[in-house]
Amino acid sequence: MPRHLLPLSLVLATAGLLVLGAPAPVLAHAEAGHAGGFLSGLLHPVSGLDHVVAMVAVGLWGVVLGPPALWLLPVAFPLVMALGGLLGMLGVPIPGVEIGIAVSGLAMGLMVLFEIRAPLALAALVVAAFAVFHGHAHGAELPSGGDALLYSLGFVIATGLLHLTGILIGEARRWRGGRALARGAGAVIALVGLLFLQKALA
Amino acid sequence: MIRPPGWCWCLPLAHAPVTGLGAWADGAARLLLEPTDLLLAIALVLLALQHGPRTLERLWWRVPAGWLAGALVGVALPRELLVAPLLSAALTALALLVSFRIPLPPRALLALLPLGAAGFAVVSGSAMAGHSGGLAVVLAEALTLGLVTGLLASALALLRVGWGPIAIQVAGSWIAATALLLLGWQLRHPS
């Protein structure tokens, strides 16, 4: 373990907690009545911290796993997420969606923090399973009216850009101190996931 | 000024954004603001590119040509074809071919590019059926589609970077996911 890891992780984790402690946090799936349209779709995933951290974690974990997971996970996630969205829109119930979303952040954050290199098939399976929860939550709350296609397009692009953000953070591992940064980001993600899990179980 | 009925620039059209700049601008705007057909064209171009840059250079024009032929058939139909979920499912399947990088036999690709575009265009054109400015709208849309497809094909054919194939697969997955969400929305709101 690099000597500088813990202090940086600690700093990032503290920063994460400060963000969470900020008043009136904006949570995913809380907004209602948004009109459709590209911009609404683009902004929807970034409006909730639980969704954001999980999306970023997918990219980060992809970097930890290396190719081909680096690109396979971000390819698989939107597809399975959309499938979950389809189920949500059709009213097919999936139990424990909010718990699943929170666990996704916690689990993938820990994967990144401890640099767990799962086999590709297992990693894809884990990410896909979590993607169903995220998609279902968003699909069930997709606003009526507006332009569904542009909304969906914006939503998927935003999700992809969050994966890309995770990949870029992960790519910092090449630099001195970058590995600690990536693991610190994993720690923050895991903490955020834990907090949302506590809320979901409360 | 006397214009043939198909070229009236003043009537608001169903399923076409009214830009106030005439039917030609409405057609171009329709392609960009209701981009199902644009996504289809992009998916077809990406599919062709996955079979090699030479394949793309040789075949890209089949997409706008097929679209134009289909749209002309569609606009001549007596009424609109209401099969939007079917199109979304087809777009999902097509984009999945790209995202999973599934190779197609040359003949299948040769047929899929124009027929896929034409199939979508028949439905798209049928939305303009019975409207006096419908022909101008679909012609403008076909022209815009040809321009966009040509530019995209030219740019992508030059793409020689290592991450290019990955970016194409990612784009395919994004289109498939978008189409799948759209399908869900259409099934939820059948009207």
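Check the entry above for the structure.
Along each chain, residues carry numbers from 1 onward, in the same order as the chain's sequence is written. Key to labels: chains lettered from A, ligands numbered from 1, both in the order written. Only residues with pLDDT of at least 70 are given local features in this predicted model, and only at 80 or more are side-chain atom pairs given and counted; all residues enter the totals for whole chains, interfaces and linings. Side-chain metrics rest on all non-hydrogen atoms present in the structure, leaving aside hydrogens and water.

**Considering the overall build of chain A**
Here is step 1 of the chain: A count of helices and strands for chain A gives 8 helices and 0 strands.
Here is step 2 of the chain: Shown N-terminal to C-terminal, the secondary structure of chain A runs as helices and strands in the order α-α-α-α-α-α-α-α.
Here is step 3 of the chain: Think of it in three bands: with a 1.4 Å probe and only protein chains considered, a residue is buried below 20% of the maximum accessible area for its type, exposed above 50%, and partly exposed in between. For chain A, the proportion of its 202 residues judged to be buried stands at 55%.
Here is step 4 of the chain: It only takes one pair of heavy atoms within 4.5 Å for two residues to be counted as in contact. Summarising the internal contacts of chain A: among those between residues at least 6 apart in sequence, 84% fall at separations of at least 24.
Here is step 5 of the chain: When the accessible surface of chain A is totalled, it reaches about 8600 Å², and 75% of it is carbon and sulfur. Segments assigned H or I by DSSP are reported as helices when at least four residues long, segments assigned E as strands when at least two residues long, and all are numbered from the N terminus. In short, Shrake-Rupley with a 1.4 Å probe defines the accessible areas, and a residue's cover is counted only from the protein chains shown.

**A closer look at the overall build of chain B**
Here is step 1 of the chain: Counting secondary structure elements, chain B contains 8 helices and 0 strands.
Here is step 2 of the chain: Shown N-terminal to C-terminal, the secondary structure of chain B runs as helices and strands in the order α-α-α-α-α-α-α-α.
Here is step 3 of the chain: Counting all 191 residues of chain B, 51% fall into the buried class.
Here is step 4 of the chain: Counted over contacts in chain B with a minimum sequence separation of 6, partners at least 24 positions apart contribute 84%.
Here is step 5 of the chain: Of the roughly 8800 Å² of accessible surface on chain B, 73% is carried by carbon and sulfur atoms.

**Structural notes on the environment of A127 of chain B**
Here is step 1 of the chain: The residue A127 of chain B is located in the loop between α6 (106-126) and α7 (134-157) in this model.
Here is step 2 of the chain: Taking C-alpha positions, A127 of chain B is 4.9 Å from E80 of chain B, a pair spaced 47 residues apart along the chain.

**Some thoughts on the interface of chain B and chain A**
Here is step 1 of the chain: Taken together, the contact pairs 25 residues of chain B with 29 residues of chain A.
Here is step 2 of the chain: Summed over both partners, the accessible surface that disappears when two parts come together, traced with a 1.4 Å probe, is what is meant by buried area. Around 2300 Å² of area is buried between chain B and chain A when both sides are counted, 80% of it from carbon and sulfur atoms.
Here is step 3 of the chain: The largest share of the area that chain B buries against chain A comes from W174, L181 and W185 of chain B, three residues that together contribute 30% of it.
Here is step 4 of the chain: Salt bridge, as used here, is a side-chain nitrogen of Lys or Arg placed within 4 Å of a carboxyl oxygen of Asp or Glu. Joining chain B to chain A, the criterion identifies 0 salt bridges.
Here is step 5 of the chain: Nitrogen and oxygen atoms within 3.5 Å of one another constitute a polar contact, given that in protein one can donate a hydrogen and the other can accept it, and given that sequence-neighbouring residues count only through two side-chain atoms. Across the chain B-chain A interface, the total number found is 1 residue pair in polar contact (both at pLDDT 80 or more).
Here is step 6 of the chain: Among the secondary structure elements, those contributing two or more residues to the side of chain B that touches chain A are α2 (36-50), α5 (84-99) and α8 (164-188) of chain B.
Here is step 7 of the chain: Element by element, the count of residues in the side of chain B that touches chain A is highest for α8 of chain B, at 16 residues.
Here is step 8 of the chain: Class assignment of the residues belonging to the side of chain B that touches chain A gives a composition of 16 nonpolar, 7 polar and 2 charged. Each residue is assigned to one class: nonpolar for Ala, Val, Leu, Ile, Met, Phe, Trp, Tyr, Cys and Pro, charged for Asp, Glu, Lys and Arg, and polar for all the others, Gly among them.

**Focus on empty space enclosed by the protein**
Once rolled over the atoms, a probe with the size of a water molecule shows which space is left empty.
Here is step 1 of the chain: The rule is simple: put a 1 Å grid over the protein atoms alone, call a set of points where a 1.4 Å probe fits but cannot get out a cavity, call an open set with protein on both sides within 12 Å along at least five of seven lines a pocket, and count a residue as lining if it has an atom within 4 Å of a point. Grid points are joined across faces, edges and corners, and a volume is the space filled by probe spheres set on the points. All chains considered together, the criterion is met by 1 cavity of 30 Å³ or more.
Here is step 2 of the chain: Lining the largest cavity, in full, are H44, H138, G139, L142, Y151, S152 and F155 of chain A together with L181 of chain B.
Here is step 3 of the chain: Secondary-structure elements contributing two or more residues to the lining of the largest cavity are α6 (120-140) and α7 (148-171) of chain A.
Here is step 4 of the chain: Ranked by the residues each element gives to the lining of the largest cavity, the list is headed by α7 of chain A, at 3 residues.
Here is step 5 of the chain: Of the residues in the lining of the largest cavity, the class split is 4 nonpolar, 4 polar and no charged.

**Describing helix α4 (residues 62-75) of chain B**
Residues and elements named next belong to chain B.
Here is step 1 of the chain: To estimate how far a helix should extend, the number of its residues minus one is multiplied by 1.5 Å. Over its 14 residues, α4 extends 20 Å from the first C-alpha to the last, a length consistent with the 20 Å expected when each residue adds 1.5 Å.
Here is step 2 of the chain: Among all positions in α4, only V63, P64, G66, W67, G70, A71, G74 and V75 are buried. Each buried residue of α4 sits inside an arc of 155° when the element is viewed along its axis, so together they form one side.
Here is step 3 of the chain: If you follow the buried residues of α4, they end up packed against α2, α3 (53-59), α6 and α7. The arc in question is the one spanned by the directions pointing from the helix axis to the C-beta atoms.

**Notes on the packing of aromatic side chains**
All names here are of chain A.
Here is step 1 of the chain: Here is the rule: rings of Phe, Tyr and Trp (six-membered ring for Trp) pair when centre to centre is within 6.5 Å. Planes less than 30 degrees apart are stacked, more than 60 are edge-to-face, and the remainder are tilted. If you walk through the whole model with that rule in mind, you get 1 aromatic pair over all chains.
Here is step 2 of the chain: Taken together, a centroid distance of 6.5 Å and an interplanar angle of 20° make the contact between Y151 and F155 stacked. Of the two residues, Y151 and F155 both sit in helix α7, 4 residues apart, roughly one turn of that helix.
Here is step 3 of the chain: Residue Y151 is classed as buried on the basis of its relative accessible area of 3%.
Here is step 4 of the chain: A cation over a ring is seen here: K199 above F196, with NZ or CZ 5.2 Å from the ring centre. Here, over-ring charges are defined by two tests on the NZ atom of lysine or the CZ atom of arginine: distance to the ring centre within 6 Å, and angle to the ring normal within 35 degrees.

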